[in-house]
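Commentary on secondary and tertiary structure
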Amino acid sequence: MSAITVQERVRRERTTGAPSDAELIGAVRQGSARASAELWQRHWRSAVRAASRLLSWSDAEDLASHAFLRVLETIRKGLGPEQSFRAYLLSTVRHSAYELVRRRVEIPFGFAEDLPAVDEIWPIGVDAQPIARAFTRLPERWRRALWLSEVEGLSVGEVGEKLGICANAAAALTFRARAGLRNEWVVATVEPDLTCPTHAAWMAEHMVGYLRNSLRKRERARVEEHAEACDGCSAALERAGRLFEAIEAKSKRQDRAAACSAR
């Protein structure tokens, strides 16, 4: 699977109206958790692939998570990249791998306590049943992290102790679990609209990637081609887009409120 080029990513951002990486970096510096999550969504897979070339696959996700949190922490301090987020991230992955091999150094996790909680990313008045279905679809490790952090109210350090991992890894695991729950909730909510007998399962699997601009060009074209021909899948895709917009709108309001309270 080949990653999209920088030019292709920029073209997509322009044609879809999505914020550029530079704009998201600026928002992270202002304390936006939503912008941090969007950068994570865009570049997480590339970081894991790069990490897997340096360490065993079992360690790759933890290494990528450490590097990602390190970059976000640097940005929040007013340092780091201005535009080329992915290049800076991959460089940090390499340096983190060398440090890990040499000294097993843990990266500071000051950013971890500011990760958005589950109740901060849902629109008001959501149906509990899709959330329950979404939760059951998550990997066991993600469900455990969410239960400890959201139900039992443990800090990331305490979650790490319960799971036998460092606080950095617990923070990254919780971050991924929250993002995964959000994505699965959107799919579970619109699934009743996916009535196409031949493409319903495929569309459910790929719609989040389509809306997040993370699909390959061929897959993206297939989604669009089918949506044009299928009213049910088209309605589901449109509804999923509105749900993501509602989540992001709530996150923006919370970002503005947090910025105002910090003044």
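Calculation notes
- Residues numbered from 1 in each chain as written.
- Predicted model: local features only at pLDDT ≥ 70, side-chain atom pairs only at ≥ 80, totals over all residues.
- Heavy atoms only, no water.
- Helix = DSSP H or I, 4+ residues; strand = E, 2+ residues; numbered from the N terminus.
- Contact = heavy atoms within 4.5 Å.
- Areas by Shrake-Rupley, 256 points an atom, 1.4 Å probe, with all protein chains shown as cover.
- Axes fitted to C-alpha atoms, helices over the stretch in contact; angles between N-to-C directions.
- Left-handed = near helix turned anticlockwise from the far one by under 90°.
- Salt bridge = Lys/Arg side-chain N within 4 Å of Asp/Glu carboxyl O.
- Buried < 20%, exposed > 50% of the residue type's maximum accessible area, 1.4 Å probe, protein only.
- Parallel < 35°, antiparallel > 145°, perpendicular 65-115°, else oblique.
- Nonpolar A, V, L, I, M, F, W, Y, C, P; charged D, E, K, R; others polar.
- pLDDT = per-residue confidence, 0-100.
- Polar contact = N/O pair within 3.5 Å; in protein donor to acceptor, adjacent residues only side chain to side chain.
- Expected span 1.5 Å × (residues − 1).
- Bend = angle between axes of the 7 residues up to and from the residue.
- Phe/Tyr/Trp six-rings, centres within 6.5 Å; stacked < 30°, edge-to-face > 60°.
- Lys NZ or Arg CZ within 6 Å of the ring centre and 35° of its normal.

Below, the discussion takes up the overall build of the protein chain. Scanning the protein chain from N- to C-terminus turns up 12 helices and zero strands. Along the protein chain, from the amino end to the carboxyl end, the secondary structure elements read α-α-α-α-α-α-α-α-α-α-α-α. When contacts within the protein chain are restricted to residue pairs at least 6 apart in sequence, long-range pairs at least 24 apart make up 69% of them. A total of about 13,700 Å² of accessible surface is found on the protein chain, and carbon and sulfur atoms cover 50% of it.

With their axes 10 Å apart at the nearest point, helix α10 (residues 200–211) and helix α11 (residues 217–229) run at an angle of 115° to one another. As for the relative orientation of α10 and α11, their crossing is left-handed in sense. Contacts between α10 and α11 involve W202, M203, H206 and Y210 from the first element and E219, R220, R222, V223, E224 and H226 from the second.

Moving on, we get to the pattern of salt bridges. Scanning all chains against the criterion turns up 11 salt bridges. Between E224 and R220 there is a salt bridge; the shortest N-O distance is 3.7 Å. In this pair, E224 and R220 both sit in helix α11, four residues apart, roughly one turn of the helix. Overall, the relative accessible area of 32% leaves E224 in the partly exposed class. Note on R220: relative accessible area 14%, which makes it buried.

As a further point, take the packing of helix α2 (residues 21–29) against helix α3 (residues 33–52). Taken N-terminus to C-terminus, the directions of α2 and α3 make an angle of 140°; their axes are 8 Å apart at the nearest point. With respect to α3, the axis of α2 lies oblique. The element α2 and its partner α3 pack so that their crossing is left-handed. In this structure, α2 contributes D21, L24, I25, A27 and V28 to the contact, and α3 contributes A35, S36, E38, L39, R42 and H43. Its residues placed into classes, the contact of α2 with α3 shows six nonpolar, two polar and three charged.

Time to look at the confidence of the model for the protein chain. When pLDDT is averaged across the protein chain, the result is 76; 75% of the residues are at 70 or more. Of all the helices and strands in the protein chain, helix α1 (residues 6–16) carries the lowest mean pLDDT, 49, while α2 carries the highest, 91. Low pLDDT, under 50, characterises residues 1–7; the predicted model gives this stretch seven contacts beyond four residues in sequence or across chains.

This part is about the side chain of S32. Topologically, S32 is positioned in the loop between α2 and α3. Here R34 takes part through its backbone nitrogen, which lies 3.4 Å from a polar atom of the side chain of S32.

Relative to the 28 Å expected for 20 residues at 1.5 Å per residue, α3 spans 27 Å between its end C-alpha atoms, a close match to the ideal helical length. A maximum bend of about 50° is found in α3 at H43. At the N-terminal boundary of α3, the capping side chain belongs to S32, with an oxygen 3.4 Å from the backbone nitrogen of R34.

This structure, assessed with the given rule, holds four aromatic pairs. Ring geometry for W40 and F68: centres 4.7 Å apart, planes at 40°, overall tilted. On the criterion of sequence distance, the pair formed by W40 in helix α3 and F68 in helix α4 (residues 57–76) is long-range, its members being 28 residues apart. Take W40 and F68: they sit in the same class, and that class is buried. By the ring-pair criterion, three or more aromatic residues cluster together here, those being W40, W44, F68, F85 and F175. Stacked on the ring of Y210, the Lys or Arg R220 has its end atom at 4.2 Å from the ring centre. Its guanidinium or amino end placed over the ring of W202, R222 lies 4.0 Å from that ring's centre, counting from NZ or CZ.

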